[in-house]
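# Survey of secondary and tertiary structure
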Amino acid sequence: MEILEFRESDIDTVFEIQQAAYKPLYEKYHDDNTNPYMESKETVLQKYMRTGTKGYLFIKNGVPVGAVRIYLFPESKSCRVSALAVHPLYQGQGIAQQALLKIEKMHSDVERWFLDTILQEAGNCHLYEKIGYKRTGKTEEINENMTLVFYEKQ
């Protein structure tokens, strides 16, 4: 699998992957204010192009199958992982795991990685825990059906 740095011309692909990956979660949790499915293409592009942000596409057998944004904090040698998305047709194949581990190696100067995910999505929690992320103890209730759980890896 290849990890390619996001370019502005990739926005249609990234937007399509993000929409496909996050729609089922939106339909399940109705988290209007937090779900990336609710973001416009323009908002997604702005987030990928922000200063300090790096975006990556995951390519498997020549096909874009996933994407992620990371936000680097050089002063604290830390990085936030955000909007990790794997197209539903390719989920369950270890793509997110491989991609995150490769991206972490690409940013070997980062000492602390952090992210949040949906507590009720056991598969997501398992993914992050499997590659060394630990729960911080912090949670945030979004609605009666959904709670965010926070992770970090050092």
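Preceding this paragraph is the structure being described.
Residues numbered from 1 in each chain as written. Predicted model: local features only at pLDDT ≥ 70, side-chain atom pairs only at ≥ 80, totals over all residues. Heavy atoms only, no water.

## So, the pairing of strand S7 (residues 146-153)
Selection criterion: Buried, partly exposed and exposed residues are distinguished by accessible area as a fraction of the type maximum, computed with a 1.4 Å probe on protein chains only: under 20%, between the cut-offs, and over 50%, respectively. Counting from the N terminus, the helices are DSSP H or I runs at least four residues long and the strands are E runs at least two residues long. In this analysis, strands are considered paired if DSSP registers two or more bridges between them.
The buried fraction of S7 is high, at seven of eight residues. Of the strand pairs in this sheet, strand S5 (residues 112-118) and S7 are connected by six bridges, and their pairing is antiparallel. From the neighbouring strand, Thr117 faces S7, where its bridge partner is Val149. As paired strands, strand S6 (residues 134-143) and S7 are joined by six bridges and run antiparallel to one another. Bridge assignment links Asn143 to a residue of S7, and that residue is Met146. In sequence, S6 turns back onto S7 through a hairpin of two residues.

## A few points about the side chain of Ser82
For clarity, the threshold we go by: By definition, residues are in contact when any of their heavy atoms lie within 4.5 Å.
Following the sequence through the fold, Ser82 ends up in strand S4 (residues 78-86). Under the relative-accessibility criterion, Ser82 is labelled buried at 17%. Discounting chain neighbours no more than four positions away, the residues touching Ser82 are Val68 and Arg69.

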